[in-house]
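Report on the structure
Here is what each chain is made of, one letter per residue.
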Amino acid sequence: MGHRLADSSSLYLRSHADNPVDWFPWGAEAFAEARRRDVPVFVSIGYAACHWCHVMARESFEDATLATALNERFVAIKVDREEHPDVDDTYMAATQAMTGQGGWPMSVFTLPDGRVFHAGTYFPPRRIGQVPSFAEVLDAVHTAWTQRREEVETSAEQIAASLGAQRRQQAGLATTVHTQHDDAASPASAGNPAAAPLLAGAEVDELVTQALAVLAEQEDTVHGGFGSAPKFPPSPLLGFLLEEAAWDRASPAAGLAIRTLESLSRSALFDQVEGGFARYATDLAWALPHFEKMLYDNAQLLGHSARLSVHPAADPEQRERAERQARMSIDWLTRRMLLEDSGLLASSLDADTVDEAGHHAEGATYLFTDAELHQVALAVGLSETEAQQLVELNHGVPADEHGAKTGAPPHVTPETPRTLHFDAPLTGAQTRLWEQALPELRRRRAERLQPARDEKVVAAWNAQTISSLAVAATLWADQALLDDAQELAQRLWQTHVTLDDDDGAARVDRISYAGRRGEELGGLADHAHLAVACFQLSSAGAQNPAQDPAQNPAQSSADPADWRDRGAAVLRMMLKTFVRKQDGELQLLESADDDGLLAAAQHGPLFATPLDGPEPSSVAALAQALQMAEALELLSAEDLRPEQILQHVKLAAAKAPTVVGASLLVARRSARKSPAFRFLGGTAQDLAEVRRAGALHGVPVEPVAEALVQPGAALRLSVCLNALGSMVCLPPVDSLQDALEGLR
């Protein structure tokens, strides 16, 4: 039955190829078939690392009776949400609006034109309380379709109209001018940058103060982080907090960032054996993760830990712990996520481990019993006393999600497998004890069954990793790590980017497998993150390219100006594909939606959201690309400016700061008039310090001519304020601190 999925490039789709369900991949063909048969469409959305997706597949999609009902009454579509984030975004909005919650697997029923009329997430094989079984859902939807068609179509029309209005309203927050005195708003003219007034320094100061006050109220002062369970790392917010604290170490942002990162790094969310963060925790204390590891989480958290490792607001022990964690994550990326065939990074590791009998066990690879820890300690030569100390360090919990949610105290014996979780940061002596045990822990871990790896390459996630690696390499003056970042970037460029012959704009494809790119244009996020990565590499500086580029093609474009120009080419593609002006209104699109299926589902285009999720919003990513381009003098007076798409910060900073962290970061940089360091002379050590300060404070360094770097030369440094309307370089100084003080 699954012949249409058998040759799919998606691991998630291929895993359903043997189902008795007659699956279609996402596309116009499936909806045309539904129209031909006059049946509704069942859209099932998930991803390879999703635990409950596996559960529903085993319980329902492998069941012959349920498959027969699906095949006879519906056209069934299977969607990999990581391949089609725009599809996922559209139908997630519908699911949340109709049920009050969302998640994966997502189960959506639509008309043959894509408009939703019923939605949910996981449905069990048998009714559980008020949750109907999947069979009951299929029967109810079929009955509604055959006996109350007019009612179904009316409902679908109302839902589509509501979704479209909601999307337009949310997207308009970013581009509509708001005043402090009233709620009146008028569309910002796309053709007149002055229509979206610059976020001035004093105004941004007030917004940041308000945001930090709200965050202080929302902080979990016991366990760290924000919000309730399930608890997610606030990755986009942390970048803003760390940069704010770099400018002002007395700011409340410093404590918020440090406490959160310290809590995450000592918790079970972080893999204390191999490195890398799991997706989220099911409990408040971060002791029980959902065990899948996603590249986008680790890409962001790696950069944040690297910043903390040199941060002036952190104490020496905090900096040391942060660097250890960051380097462990880099090692994990290299060993577990780097693909040999393409040299790019895979998208995720599964939450489940599957044995030879096909039994799934969530997190089984990562759990250790107290008895095992004791054996490990003795095996590496620790004394009995030290072995007991090692065991007592761990305050992990059994992998019982239900128990964690209810707060029931787990019954733990020396033979109970549980997570590795520390209630407090390890002291130096405790760290040395743990480090002695690590080789044996890793050896035993390697002998276990391992979670599957989804080898899909996602452009946006690889680009975010490149940015973080470039920042870490700059902060640590690590030449080898910067080489690795450039090599990864070059391979991403070679595999995912095509230059337009007419204007040199760089098209970015979202997906590749085994070095073979997918067919669909990447979305706004893919382009924006790659542009930012190119600008980060430009600021990080050149490494020594290979004498013969043919011997090392990954190093064939190491010049900072080359990376700057590549970022500009990606930016050109964004501005002509995802930014449009209609009736005097500026509109940002999340994706091109060439077949129009998503437009039908929500009565209009898929506008880009300005609110962060696990990743920075695509609007914030575009704003960051624009701001860095402005700082590097790549924008003209006719181009879109970052301030034009940051209007939502005025409304959300004091109400929901956790979802505008990435935008606050860009607003802060823009209010400083998009500064850049201009290195006018000095030693190689001087240049390294300038670049380090730039990476920490969000100030790019303009490409530096080799002749300006001389042994024994005195430092001469200028700060150029490159925002349109400013365009002035401050008088040169001979001190990095003086340059920073000028910006403060």
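Shown above is the structure to which this text applies.
What comes next concerns the included structure. Owing to the predicted nature of the structure, the values given are computational and were not obtained by experimental measurement.

To continue, consider helix α25 (residues 661-671). Buried residues dominate α25, accounting for eleven of its eleven residues. Where α25 is concerned, the buried positions are Gly 661, Ala 662, Ser 663, Leu 664, Leu 665, Val 666, Ala 667, Arg 668, Arg 669, Ser 670 and Ala 671. Where the residues of α25 are buried, they touch α9 (201-218), α10 (235-247), α23 (618-631), α24 (648-652) and β22 (675-681). Lys 673 occupies a position one or two residues after α25 and carries a positive phi of about 70°.

Here we take up the state of the cysteines. Within the structure shown, the criterion is met by two disulfides. Each disulfide pairs two cysteine sulfurs, and for Cys 720 the partner residue is Cys 729, the sulfurs being separated by 2.0 Å. Where Cys 720 bonds to Cys 729 through sulfur, the torsion about that S-S bond is close to 100°, and the disulfide is right-handed. When its relative accessible area of 34% is taken as the criterion, Cys 729 is described as partly exposed. In the chain, numbering the disulfide-bonded cysteines from first to last in sequence yields the connectivity 1-2, 3-4.

Among the seven residues of β22, five are classified as buried, and the element is accordingly described as predominantly covered. Sheet topology note: the β22/strand β23 (residues 716-721) ladder contains six bridges and is antiparallel. The residue bridging Phe 677 from the neighbouring strand is Val 719, located in β23.

Within a sheet, each strand pairs with its neighbour through backbone hydrogen bonds, oriented either parallel or antiparallel. Judged by pairing direction, the sheet is antiparallel, and its three strands sit side by side in the order β22-β23-β24 without closing on themselves. What marks the edges here is a single partner per strand, and that holds for β22 and β24 (728-729). Its contacts with the sheet put helix α26 (residues 684-697) on β22 and β23, and the angle it makes with β22 is roughly 175°.

On to the environment of Val 570, then. Along the chain, Val 570 turns up in helix α21 (residues 560-577). The spacing of Val 570 and Ala 299 is 271 residues in sequence and 20 Å in space, taken between C-alpha atoms. The residues touching Val 570, leaving out its near neighbours within four places in the chain, are Trp 493, Ala 506, Val 508, His 527, Leu 530 and Ala 531.

The subject of this paragraph is the nonpolar core. If you look at the biggest cluster of nonpolar residues, it comprises 159 residues, and the most contacted ones within it are Leu 241 and Leu 622. Top element by residues in this core is helix α18 (residues 459-476). It accounts for twelve residues. Residues contacting Leu 241, with those up to four places away along its chain left out, are Leu 212, Leu 215, Ala 253, Leu 256 and Ala 257. Listed in part, the 27 residues of the second largest apolar core include Trp 26, Phe 31, Val 43 and Ile 45.

This part takes up the packing of aromatic side chains. Enumeration over the complete set of coordinates arrives at 18 aromatic pairs. Between Trp 26 and Phe 31, the aromatic rings sit 5.2 Å apart at their centres with planes inclined by 80°, giving edge-to-face as the arrangement. No difference in accessibility class separates Trp 26 from Phe 31, as the two residues are buried. Taken together, the ring pairs connect Trp 23, Phe 42, Phe 61, Phe 74, Phe 109, Phe 123 and Phe 134 into an aromatic cluster. Positioned above the aromatic ring of Trp 247 is the side chain of Arg 672, whose terminal nitrogen or guanidinium carbon lies 4.1 Å from the ring centre.

Contact pair α9 / α25: the axes reach a minimum separation of 9 Å and the direction vectors enclose 155°. Compared by their axis directions, α9 and α25 come out roughly antiparallel. Of the two possible hands of crossing, α9 and α25 adopt the one that is left-handed. For the pair formed by α9 and α25, the contact residues are Gly 201, Val 204, Asp 205, Val 208 and Ala 211 on the first element and Leu 664, Ala 667, Arg 668 and Ala 671 on the second. When grouped by side-chain class, the residues that make up the contact of α9 with α25 number six nonpolar, one polar and two charged.

Parameters and conventions
- Residues numbered from 1 in each chain as written.
- Predicted model: local features only at pLDDT ≥ 70, side-chain atom pairs only at ≥ 80, totals over all residues.
- Heavy atoms only, no water.
- Buried < 20%, exposed > 50% of the residue type's maximum accessible area, 1.4 Å probe, protein only.
- Helix = DSSP H or I, 4+ residues; strand = E, 2+ residues; numbered from the N terminus.
- Contact = heavy atoms within 4.5 Å.
- Disulfide = S-S within 2.5 Å.
- Pairing = 2+ DSSP bridges.
- Axes fitted to C-alpha atoms, helices over the stretch in contact; angles between N-to-C directions.
- Core = buried A, V, L, I, M, F, W, Y, C linked by side-chain atoms within 4.5 Å.
- Phe/Tyr/Trp six-rings, centres within 6.5 Å; stacked < 30°, edge-to-face > 60°.
- Lys NZ or Arg CZ within 6 Å of the ring centre and 35° of its normal.
- Parallel < 35°, antiparallel > 145°, perpendicular 65-115°, else oblique.
- Left-handed = near helix turned anticlockwise from the far one by under 90°.
- Nonpolar A, V, L, I, M, F, W, Y, C, P; charged D, E, K, R; others polar.

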